[in-house]
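Observations on chain architecture
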Amino acid sequence: MKAKILVVVGIFVLFVVYGISVNNGLVEKQESVNSAWAQVENQYQRRADLVPNLVNTVKGAADFEQETLTQVIEARSKATSVNISANDLSNPAKFKQFQQAQSQLSGALSRLLVTVERYPELKANQNFRDLQAQLEGTENRISTERMRFNEAAQRYNTSVRKFPASLIASISGFDQKEYFQAEEGSQEAPTVDFSN
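Nothing here was measured: the structure is a model prediction, and the numbers come from that model. (Residues numbered from 1 in each chain as written. Predicted model: local features only at pLDDT ≥ 70, side-chain atom pairs only at ≥ 80, totals over all residues. Heavy atoms only, no water.)

Section: the overall build of the protein chain
Looking only at helices and strands, one finds six helices and zero strands in the protein chain. Reading the secondary structure of the protein chain in the N-to-C direction produces α-α-α-α-α-α. The C-alpha atoms of the protein chain give a radius of gyration of 24 Å, which is well past the 16 Å a tight globule of 196 residues would have. By its C-alpha atoms, the protein chain is 95 × 30 × 25 Å across when sized along the principal axes. Counting all 196 residues of the protein chain, 33% fall into the buried class. (Helix = DSSP H or I, 4+ residues; strand = E, 2+ residues; numbered from the N terminus. Rg over C-alpha atoms; globule rule 2.2 N^0.38 Å. Buried < 20%, exposed > 50% of the residue type's maximum accessible area, 1.4 Å probe, protein only.)

See below:
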């Protein structure tokens, strides 16, 4: 009788130890996702910080298109007002809202940089060229950090979904994280028209 009790207790202890091990592994992967998210936010903040300097430099050019500047300012304002915490990374609606706001700012900045091509005095301005180079570098960093975030989220999501860890994940409240996705239509090459 004692042997049976010891076997049952031993099996129970093994399940508890296994559960703790799986839970700790999920916590570790979740923290990797949170860390990767912090790096994404860092780069978006860097970009947001560069925008006012870029706008002020461009404003100095005579007759620069006010509508383009207004779009950049509004897009920056919206992008910095949509905040998402690491706890919201499992919320598809909030994640999509954040990604859309950041994409709008990217689009507005792209239009600004294309518009600048018509202003040779701006293209010759050293401050503008420096800011443009910093912005391009930041966009590359954003892309890299988004990729790293998606990789961390993929490792975490795989762990959360695998059986039997999925049982412990559901009991402990580990939800899958969202991924950054390509914008709609981004798979199509842009049309280039030099007829003007």
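Having seen the model, we can carry on.
Digging into the packing of aromatic side chains
Tallied over the entire structure, the rule returns nine aromatic pairs. Ring centres of Tyr-44 and Phe-98 lie 5.5 Å apart, and the angle between their planes is 75 degrees; this geometry places the pair in the edge-to-face category. Pair noted here: Tyr-44 is in helix H1 (residues 2-59) and Phe-98 is in helix H3 (residues 92-116), with a separation of 54 residues, a long-range link. When sorted by exposure, Tyr-44 lands in the same class as Phe-98, which is buried. Of the aromatic side chains, those joined through ring pairs into one cluster are Trp-37, Tyr-44, Phe-95, Phe-98, Phe-149 and Phe-180. (Phe/Tyr/Trp six-rings, centres within 6.5 Å; stacked < 30°, edge-to-face > 60°.)

Things to note about helix H2 (residues 66-81)
Working note: α-helix, 3.6 residues per turn, so residues spaced by three or four point in the same direction. Taking 1.5 Å of rise per residue, 16 residues should cover 22 Å, and H2 covers 22 Å from first to last C-alpha, within 8% of that figure. Listed as buried for H2 are Thr-68, Leu-69, Val-72, Ala-75 and Ala-79. What you see down the axis of H2 is that its buried residues fit within an arc of 130 degrees, all on one side. In H2, the exposed positions angled more than 90 degrees off the buried face are occupied by Glu-67, Glu-74 and Ser-81. Here the buried face of H2 lies against H1 and H3. (Expected span 1.5 Å × (residues − 1). Arc of directions from axis to C-beta. Contact = heavy atoms within 4.5 Å.)

Focus: a nonpolar patch on the surface
A cluster of nonpolar side chains, contributed by Met-1, Ile-5, Val-9, Phe-12, Val-13, Val-16, Val-17 and Ile-20, occupies part of the molecular surface with about 800 Å² of accessible area. Topologically, Val-13 is positioned in helix H1. (Patch = residues over 30% accessible without salt bridge, like charges linked within 9 Å, V, L, I, M, F, W, Y side chains within 5 Å. Areas by Shrake-Rupley, 256 points an atom, 1.4 Å probe, with all protein chains shown as cover. Salt bridge = Lys/Arg side-chain N within 4 Å of Asp/Glu carboxyl O.)

Side note on the packing of H1 against helix H6 (residues 165-172)
Running from amino to carboxyl end, H1 crosses H6 at an angle of 70 degrees, the nearest separation of the two axes being 10 Å. The angle between H1 and H6 falls in the class roughly perpendicular. On H6, the residues touching Tyr-18, Gly-19, Val-22, Asn-23 and Leu-26 of H1 are Ala-165, Ile-168, Ala-169 and Ser-172. Split into classes, the residues belonging to the contact of H1 with H6 amount to six nonpolar, three polar and no charged. (Axes fitted to C-alpha atoms, helices over the stretch in contact; angles between N-to-C directions. Parallel < 35°, antiparallel > 145°, perpendicular 65-115°, else oblique. Nonpolar A, V, L, I, M, F, W, Y, C, P; charged D, E, K, R; others polar.)

Notes on H6
Among all positions of H6, only Ala-165, Ile-168 and Ala-169 are buried. Take H6 and look down its axis: the buried residues cluster within an arc of 100 degrees, on one side only. Within H6, the exposed residues directed more than 90 degrees away from the buried face are Ser-170 and Ile-171. Packing partners of the buried residues in H6 comprise H1 and helix H5 (126-161). Looking one or two places after H6, you find Gly-173, whose phi comes out positive at around 80 degrees.

As for the packing of H1 against H5
Across the interface, H1 lies against H5 with an axial gap of 8 Å and an inter-helix angle of 160 degrees. The angle between H1 and H5 places the two elements in the roughly antiparallel class. Judged by the twist between their axes, the crossing of H1 over H5 is left-handed. (Left-handed = near helix turned anticlockwise from the far one by under 90°.)

Here's the deal with the pattern of salt bridges
A full pass over the atoms with the stated rule returns three salt bridges. Of the charged contacts in the structure, one is a salt bridge between Glu-139 and Arg-47, with a shortest N-O distance of 3.0 Å. A residue pair is termed long-range when its members are at least 10 positions apart, and Glu-139 in helix H5 and Arg-47 in helix H1 qualify at 92 residues. When its relative accessible area of 27% is taken as the criterion, Glu-139 is described as partly exposed. Among the ionic pairs, Arg-148 bridges to Glu-145, the shortest N-O distance being 3.2 Å. One end of the pair, Arg-148, and the other, Glu-145, are both in helix H5, three residues apart, so they sit about a helical turn from each other.

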